[in-house]
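Take a look at the letters that make up each chain.
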Amino acid sequence: MAHPVDVHVGQKLRDIRTLRRYSQTDVAQRLGLSFQQIQKYEIGSNRIAASRLFELAQIFEVSPAYFFEGLYEDAKSAVSERDSGMEIVNALASIQDDKVKSRIVTFIEDVSGLTVARQG
């Protein structure tokens, strides 16, 4: 059975990977791993070593502490916040027209004042 911390860290990995529009294969190739290993990290069945966590933080240009953010928050509020954000991500991912998708991302960036890292 997966440890709750490993599950949390894996969820944070999946969140940042999805938000940055990387596939599991993209991340795996950068780390020299299989995409199945990334899947195992994301569901928490395999623990992420500190050195690997550091590499992931460099890939996504976040602090290693990012993966632990929200760990001690009230579980119910953390889940509801993550779920609403992930609903948006999932809806965006389901759009087939890349031009429409890009326009929506640009709109979100304009409204939020943030820029999403895009693969080239």
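Residues numbered from 1 in each chain as written. Predicted model: local features only at pLDDT ≥ 70, side-chain atom pairs only at ≥ 80, totals over all residues. Heavy atoms only, no water.

## Observations concerning the overall build of the protein
Then, in step 1: Along its length, the protein carries 6 helices and 0 strands.
Then, in step 2: In sequence order, the secondary structure elements of the protein are arranged as α-α-α-α-α-α.
Then, in step 3: Taking all 120 residues of the protein together, the buried fraction comes to 32%.
Then, in step 4: For the protein, restricting intrachain contacts to residue pairs at least 6 apart in sequence, the fraction spanning at least 24 positions comes to 61%. (Helix = DSSP H or I, 4+ residues; strand = E, 2+ residues; numbered from the N terminus. Buried < 20%, exposed > 50% of the residue type's maximum accessible area, 1.4 Å probe, protein only. Contact = heavy atoms within 4.5 Å.)

## Examining the packing of aromatic side chains
Then, in step 1: One pass over the full model with this rule turns up 2 aromatic pairs.
Then, in step 2: Here Tyr 22 and Phe 60 contribute two aromatic rings whose centre-to-centre distance is 5.4 Å and whose plane-to-plane angle is 85 degrees, an arrangement assigned as edge-to-face. Pair noted here: Tyr 22 is in the loop between α1 (4–19) and α2 (24–31) and Phe 60 is in helix α4 (residues 50–60), with a separation of 38 residues, a long-range link.
Then, in step 3: Here Tyr 22 falls in the buried class, since its relative accessible area comes to 18%.
Then, in step 4: Measuring from centroid to centroid gives 5.2 Å for Tyr 66 and Phe 67, while their planes differ by 80 degrees, and the two rings are edge-to-face.
Then, in step 5: For Tyr 66, a relative accessible area of 13% puts it in the buried group. (Phe/Tyr/Trp six-rings, centres within 6.5 Å; stacked < 30°, edge-to-face > 60°.)

## Notes on the confidence of the model for the protein
Then, in step 1: Per-residue confidence for the protein gives a mean pLDDT of 85; residues scoring 70 or more make up 88%.
Then, in step 2: The least confident element of the protein, judged by mean pLDDT, is helix α5 (residues 75–93) at 66; the most confident is α2 at 97. (pLDDT = per-residue confidence, 0-100.)

## Quick look at the nonpolar core
Then, in step 1: Leu 13, Val 27, Ile 48, Leu 56, Phe 60, Val 62 and Phe 67 are the most contacted members of the largest nonpolar core, which totals 18 residues.
Then, in step 2: Taken together, the elements giving at least two residues each to this core come down to α1, α2, α3 (35–43) and α4.
Then, in step 3: When residues of this core are assigned to their parent elements, the largest contribution, 5 residues, is made by α4.
Then, in step 4: Setting aside anything within four residues of it in sequence, one finds Leu 56 in contact with Leu 13, Val 27, Leu 31, Ile 48 and Phe 67. (Core = buried A, V, L, I, M, F, W, Y, C linked by side-chain atoms within 4.5 Å.)

## Some remarks on the side chain of Gln 24
Then, in step 1: Mapping Gln 24 onto the fold places it in helix α2.
Then, in step 2: Classification of Gln 24 by relative accessible area gives buried; the value is 18%.
Then, in step 3: For Gln 24, the side chain forms a polar contact with the side chain of Gln 39, separated by 3.5 Å.
Then, in step 4: Here Gln 24 is in contact with Arg 17, Phe 35, Ile 38, Gln 39 and Glu 42, once residues within four sequence places are set aside. (Polar contact = N/O pair within 3.5 Å; in protein donor to acceptor, adjacent residues only side chain to side chain.)

## Section: the packing of α2 against α3
Then, in step 1: Close contact between α2 and α3 brings their axes to 8 Å; oriented N to C, the two are set at 110 degrees. Judged by the angle between their axes, α2 and α3 are roughly perpendicular. On α3, the residues touching Gln 24, Thr 25, Val 27, Ala 28 and Leu 31 of α2 are Phe 35, Ile 38, Gln 39 and Glu 42.
Then, in step 2: Taken together, the residues of the contact of α2 with α3 sort by class into 5 nonpolar, 3 polar and 1 charged. (Axes fitted to C-alpha atoms, helices over the stretch in contact; angles between N-to-C directions. Parallel < 35°, antiparallel > 145°, perpendicular 65-115°, else oblique. Nonpolar A, V, L, I, M, F, W, Y, C, P; charged D, E, K, R; others polar.)

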